[in-house]
Amino acid sequence: MTLLKSSRDAFLTVASLVFLGAYALPILVVGLPPGMRLLCDVTMIVTWVAFALDYGDRLVRAREKWDFIRANLFELVALLLPVLRPLRLVVVLAALSRSMAGSFRGRVGAYVVGGAGLLVFCAALAVLDAERANPDANITGFGDALWWGVTTVTTVGYGDRYPTTAEGRLIAFGLMLGGVALLGVVTASLASWFVERVAAAQEDGTKHATDEIHRLTAEVADLNRRLAEQAAMRGQTPVADGYSYAPTESAGA
C-alpha cells in the first residue's frame, strides 16, 4: 500500500511538471509554431484527464464520500477550472502539494523555498497570459510578471506593476491568499516542531529521573539485604534504628 501511494505521488509530480511545461512554453516563447502549440494543448488535456482519473479513483475507494470531497475540495475546484485558462495551473499546485504533504514536516526549508518559488512562477505565467492581450496592461513580459509576483506574494505591493483585467486581478487575489497561507503553514509547522522538541526533552528528563530513582531504590534494597545477612551471621538482631546484640548463653550455663 505504501509503495502504491509512493508510485502514485511520483506520477502526480511528474504529470504536474509536464503540465506546467506544456502550459508555460506557449506563454514564454512568442511565435511558437502551430504544431508545437497543438502538442502543448494535447499534453495539457492528457495530464488533466490523468488528474481527474486519480481524483475519481480515490473518491470511489473512499468510504465516506462527502468527507473525502470536503478534505480534497481544493483539488476538486482545480479540476473544475478548465474553462479559465489562466487558472489551470491551480491543478499543478493541488497535485504537488498533495505529493509533498507527507514529507512536509521533515523538509520545511525545501518545502518553503520550492513552494514559494512554484507559487510565484505559476502566478507570473497566469497573469502574463491574462494581461498580455490587454492594450492597457503594464505587465507585458515575463520579467515584469515575475517582479509583480514577488512583490505580491511578499505583500510588499510597490504598485509599479499591477493587473488590469478581471482574470489578472483574480490571480492576484489568489496569490496574496497563497502567500499568507504559506507563511502561516510554515509558522505553524515550526511552532509545532519546537513544542514537540520541548515535550520530548521533558519526557526524556522525566524518564531519566524515574530510572535513577529505581536504580537508587534497588541499591538501597540490596544494601539492606546485605546488612541483614551480615547481622545474622554476627548474631545481631536488626531493629528500627540500628542493630543490637542478641542475648547469648554463657559457656558454663
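So, a few notes on the structure that sits alongside this text. (Residues numbered from 1 in each chain as written. Predicted model: local features only at pLDDT ≥ 70, side-chain atom pairs only at ≥ 80, totals over all residues. Heavy atoms only, no water.)

Quick look at the overall build of the protein chain
- Looking only at helices and strands, the protein chain features eight helices and two strands.
- Listed by position from the N terminus, the elements making up the protein chain come as α-α-α-α-α-α-α-α-β-β.
- Expressed as a percentage of contacts within the protein chain between residues at least 6 apart in sequence, the contacts between residues at least 24 apart total 59%.
- Carbon and sulfur atoms make up 68% of the accessible area of the protein chain, which amounts to about 16000 Å² in all. (Helix = DSSP H or I, 4+ residues; strand = E, 2+ residues; numbered from the N terminus. Contact = heavy atoms within 4.5 Å. Areas by Shrake-Rupley, 256 points an atom, 1.4 Å probe, with all protein chains shown as cover.)

Thoughts on the pattern of salt bridges
- Applying the stated rule across the entire model yields seven salt bridges.
- Here Asp67 and Arg70 are joined by a salt bridge, their closest N and O atoms 2.3 Å apart. With Asp67 and Arg70 both in helix 3 (residues 65–71), this residue pair falls three residues apart, about one helical turn.
- The exposure class assigned to Arg70 is exposed, which follows from its relative accessible area of 56%.
- One salt bridge connects Arg215 with Glu219, and the closest N-O pair in it is separated by 2.5 Å. Remark: Glu219 and Arg215 occur in helix 8 (residues 166–233); sequence separation between them is four residues, near one turn of the helix. (Salt bridge = Lys/Arg side-chain N within 4 Å of Asp/Glu carboxyl O. Buried < 20%, exposed > 50% of the residue type's maximum accessible area, 1.4 Å probe, protein only.)

Quick word on the environment of Tyr158
- Within the secondary structure layout, Tyr158 lies in the loop between helix 7 (142–153) and helix 8.
- Measuring from C-alpha to C-alpha, the distance between Tyr158 and Trp147 comes to 10.0 Å, with eleven residues separating the pair along the chain.
- Setting aside chain neighbours within four positions, we find Tyr158 in contact with Trp147 and Thr151.

Structural notes on the side chain of Thr152
- With respect to the helices and strands, Thr152 occurs in helix 7.
- The contact partners of Thr152, leaving out residues within four places of it in the chain, are Ala172, Leu175 and Met176.

Observations regarding a nonpolar patch on the surface
- Taken together, Leu170, Phe173, Met176 and Leu177 make up a surface patch of nonpolar side chains, about 390 Å² in accessible area.
- Within the secondary structure layout, Leu170 lies in helix 8.
- Judged by relative accessible area, which is 44%, Leu170 ranks as partly exposed. (Patch = residues over 30% accessible without salt bridge, like charges linked within 9 Å, V, L, I, M, F, W, Y side chains within 5 Å.)

Side note on helix 7
- Under the 1.5 Å per step criterion, the end-to-end length of helix 7 is 16 Å for twelve residues, consistent within 8% with the ideal 16 Å.
- Of all the positions in helix 7, only Ala145, Trp148, Gly149, Thr151, Thr152 and Val153 are classed as buried.
- Phi for Thr155, located one or two positions after helix 7, is positive at around 60°. (Expected span 1.5 Å × (residues − 1).)

Details of the side chain of Thr165
- On the secondary structure map, Thr165 appears in the loop between helix 7 and helix 8.
- With relative accessibility at 16%, the residue Thr165 sits in the buried group.
- A distance of 2.6 Å separates polar atoms of two side chains, one belonging to Thr165 and the other to Glu131.
- The contacts of Thr165, once residues within four sequence positions are left out, are Ala130, Glu131 and Asn134. (Polar contact = N/O pair within 3.5 Å; in protein donor to acceptor, adjacent residues only side chain to side chain.)

Quick notes on the packing of aromatic side chains
- Within the structure shown, the criterion is met by five aromatic pairs.
- Seen from their ring centres, Trp147 and Tyr158 are 5.7 Å apart, and the 0° between their planes marks the pair as stacked. Of the two residues, Trp147 is situated in helix 7 and Tyr158 in the loop between helix 7 and helix 8; the sequence distance between them amounts to eleven residues.
- With relative accessibility at 39%, the residue Trp147 sits in the partly exposed group.
- A relative accessible area of 58% places Tyr158 in the exposed class.
- Counting every residue linked through ring pairs, the aromatic cluster contains Phe19, Trp48 and Phe51. (Phe/Tyr/Trp six-rings, centres within 6.5 Å; stacked < 30°, edge-to-face > 60°.)

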